[in-house]
Amino acid sequence: MKISLSILTALCLAACGSSSQNDPIYLALKADPPTEIPDRHVAKLRQGRFSCDVFNEGRSDQYMTCWWPQDGLRPVQTAYMSYFGPNPISPPEPSKLVTARGTLIVERIPVK
């Protein structure tokens, strides 16, 4: 029983991912956050839809950043960016998103 509990605990910790405060990607994004929305995301945001970038796709360190429309107006005026850290059990992917979430990186960036 003791071995099973140890394995279960390890799996739970791996599934939860690392804390944002210890994540070097998160820390780099917070230290130098974007000041404008990349052009490739603007069309989706103007339509009121989120837009994501997936990095290191297919690797165990896969992570994702997403831009979310913020104000509910049409056309969208501002957006914010969130970060989804690596998770070896369930890597972040845009197709898995149902609602806006992630760790906030920057908020209220004007949509061009």
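Placed above this text is the structure.
Anyway, here's the lowdown on the structure attached to this text. Residue numbers here run from 1 along each chain, matching the order of that chain's written sequence. At least 70 in pLDDT is required for a residue's local features to be given in this predicted model, at least 80 for side-chain atom pairs to be given and counted, and no such filter applies to totals for whole chains, interfaces and linings, which use all residues. Only hydrogens and water are removed before side-chain values are computed, so all heavy atoms of the structure are retained for them.

**Section: the overall build of the protein**
Helix and strand counts for the protein come out as three helices and four strands. Reading the secondary structure of the protein in the N-to-C direction produces α-α-α-β-β-β-β. The buried share of the protein, reckoned over its 112 residues, is 29%. Should any heavy atoms of two residues lie within 4.5 Å, those residues are considered in contact. Restricting to contacts in the protein with at least 6 residues of sequence separation, those with at least 24 account for 55%. Using a 1.4 Å probe, accessible areas were evaluated by the Shrake-Rupley method; residue-level cover was limited to the displayed protein chains. Summing over all exposed atoms, the protein offers an accessible surface of approximately 7,100 Å²; the carbon and sulfur share of this is 58%. Working definition: helices are DSSP H or I runs of at least four residues, strands are E runs of at least two. Numbering for both runs from the N terminus. Between buried and exposed lies partly exposed: a residue is buried under 20% and exposed over 50% of the maximum accessible area for its type, with that area taken using a 1.4 Å probe on protein chains only.

**Here we look at the sheet that holds strand 4 (residues 103-110)**
A pair of strands is considered paired only if DSSP assigns at least 2 bridges between the two. Spatially, four strands are ordered 1-2-3-4 in an open sheet, and the strand pairing comes out antiparallel. Either end of the sheet is taken by a strand with one partner, and the two such strands are strand 1 (51-55) and strand 4. Shown here is a sheet whose adjacent strand axes are inclined to one another by a mean of 15°, direction ignored. Strands strand 2 (63-69), strand 3 (78-84) and strand 4 of the sheet are contacted by helix 2 (residues 24-31), whose axis makes an angle of about 25° with strand 4. Fitting a line to C-alpha atoms yields each axis, with helices limited to the stretch in contact; the angle taken between N-to-C directions then spans 0 to 180 degrees. Helix-sheet contacts for helix 3 (residues 39-46) involve strand 1, strand 2 and strand 3, and the interaxial angle to strand 1 is about 145°.

**Points about the packing of aromatic side chains**
Here a Phe, Tyr or Trp ring, Trp counted by its six-membered ring, pairs with any other such ring whose centre lies within 6.5 Å, and the pair is stacked when the planes are under 30 degrees apart, edge-to-face when over 60, and tilted otherwise. One pass over the full model with this rule turns up four aromatic pairs. Geometrically, the ring pair formed by Tyr 63 and Tyr 83 is tilted, given 5.9 Å between the ring centres and 55° between the ring planes. Taken together, the residues Tyr 63 in strand 2 and Tyr 83 in strand 3 connect sequence positions 20 residues apart. Overall, the relative accessible area of 16% leaves Tyr 63 in the buried class. Three or more aromatic residues joined by ring pairs form one cluster here, namely Tyr 26, Phe 55, Tyr 63 and Tyr 83.

**Remarks on unusual backbone geometry**
With a phi close to 55°, Asn 56 is a non-glycine residue in the positive phi region. For Asn 56, the position within the fold is in the loop between strand 1 and strand 2. The backbone phi angle of Arg 108 is positive, close to 55°, even though this residue is not glycine. Position of Arg 108 among the secondary structure elements: in strand 4. On the basis of relative accessibility, which here comes to 52%, the residue Arg 108 falls in the exposed class.

**Some points on the pairing of strand 3**
Burial of strand 3 is extensive: seven of the seven residues sit out of reach of the surface. Burial along strand 3 is two-sided: Thr 78, Tyr 80, Ser 82 and Phe 84 and Ala 79, Met 81 and Tyr 83, pointing in opposite directions, are all buried. In this structure, strand 2 lies alongside strand 3, joined through six bridges in antiparallel fashion. Residue pairing for strand 3: Met 64 is matched across the bridge by Phe 84.

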